[in-house]
Every structure is written in C-alpha cells, then in structure tokens.
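Observations on the model geometry
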Amino acid sequence: MGLGGCIILIATGAILTFATDWDMQGVNLDLVGIIFMIVGLIGVATFSSIAKRRRVVVRPTAPVDEDRNRNGYSDGYGV
C-alpha cells in the first residue's frame, strides 16, 4: 500500500467516525472509522521509514580539467 492508499484510509475513517450518523445493525461505524484511521497512520509511518532508507546520497564529482593534468603535473610545473 502506498502513501495515497494510507491517506485514503485516514480520510475514509474520519468520514465514518465524524461525518456520518448511519445506524447499521451489528456494525459500529465509529469503531470501523477509528480502525481505518489507525491502520492509515501505521501505513504512513511505515512508508515514511522505508522511504528514508531508500534515499541514496551521491556526492557530485568535480570535473577533471584535461589540460591541467596533461603532463602528469597538477601544479603547473613541467608544462
């Protein structure tokens, strides 16, 4: 489940908990909404921790000046 799925779970749970007044026999929609929100928050936390580990920092390399290192000397002597 990606980040979008987690956000949808949180939004659906909030709607079921706070914005509806339906009564279904045998189902407590407030509890179902709270469960959806908790699962969505766990998913966001898991997704963000995995995304942090996947980031790889590649340090930029300095460009090599071919004219400067032509004779094997980098300080100008031997040119």
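Look a little higher up for the structure.
None of the values given here were measured: they were computed from a predicted structure. (Residues numbered from 1 in each chain as written. Predicted model: local features only at pLDDT ≥ 70, side-chain atom pairs only at ≥ 80, totals over all residues. Heavy atoms only, no water.)

Regarding the overall build of the chain
Applied cut-off: Under the scheme used here, helices are H or I runs from DSSP no shorter than 4 residues and strands are E runs no shorter than 2 residues, and both carry numbers assigned from the N terminus. To measure how exposed things are, a 1.4 Å probe is used in the Shrake-Rupley method; for residues, cover is taken only from the protein chains shown.
Along its length, the chain carries two helices and zero strands. As displayed, the chain has an accessible area near 6,800 Å², and 62% of this comes from carbon and sulfur atoms.

Some thoughts on the side chain of T17
Basically, it comes down to this: Pairs of residues are marked as contacts when any of their non-hydrogen atoms sit within 4.5 Å.
Turning to its location among the elements, T17 is positioned in helix 1 (residues 3-19). In this view, T17 contacts D30, G33, I34 and M37; residues no more than four positions away in its chain are not counted.

A few points about helix 1
Threshold: A helix is expected to span 1.5 Å for every residue after the first. Type-normalised accessible area, obtained with a 1.4 Å probe on protein chains alone, sets the label of each residue: buried when under 20%, exposed when over 50%, and partly exposed for intermediate values. Comment: arc refers to directions from the helix axis out to C-beta atoms.
Between its first and last C-alpha atoms helix 1 spans 23 Å; for 17 residues at 1.5 Å apiece the expected length is 24 Å, and the two agree. Burial in helix 1 covers these residues: C6, G13, L16 and T17. The arc enclosing the buried residues of helix 1, seen along the axis, measures out at 95°, which places them on a common side. More than 90 degrees from the buried face of helix 1, the exposed residues found are I8, F18 and A19.

Notes on the environment of N28
We apply this condition: Here a polar contact means two N or O atoms within 3.5 Å. Within protein one must be a hydrogen donor candidate and the other an acceptor candidate, and residues neighboring in sequence count only if both atoms are side-chain atoms.
In this fold, N28 is placed in the loop between helix 1 and helix 2 (29-54). Judged by its relative accessible area of 48%, N28 is partly exposed. Between the C-alpha atoms of N28 and T17, which are eleven residues apart in sequence, the distance is 9.6 Å. Among the polar contacts listed, one links the side chain of N28 to the backbone nitrogen of D30, at a separation of 3.3 Å.

Quick notes on the environment of G2
Its place among the elements puts G2 in the segment before helix 1. The spatial distance from the C-alpha of G2 to the C-alpha of G43 is 8.0 Å, given a sequence separation of 41 residues.

A few points about the environment of I15
Locating I15 in the fold gives a position in helix 1. Exposure remark for I15: the relative accessible area of 48% places this residue in the partly exposed category. A sequence separation of 22 residues divides I15 from M37, and the C-alpha atoms of the two residues are 9.9 Å apart.

Examining a nonpolar patch on the surface
Here is the rule we go by: Residues enter a patch when their relative accessible area is above 30% and they make no salt bridge; the linking distance is 9 Å between like charges and 5 Å between nonpolar side chains (Val, Leu, Ile, Met, Phe, Trp, Tyr). For this analysis, a salt bridge means a side-chain nitrogen from Lys or Arg found within 4 Å of a carboxyl oxygen belonging to Asp or Glu.
There is a patch of nonpolar side chains on the surface, built from L3, I7 and F47 and spanning about 250 Å² of accessible area. Mapped onto the fold, F47 is located in helix 2.

Purely geometric stuff here, so don't read any function into it on its own.
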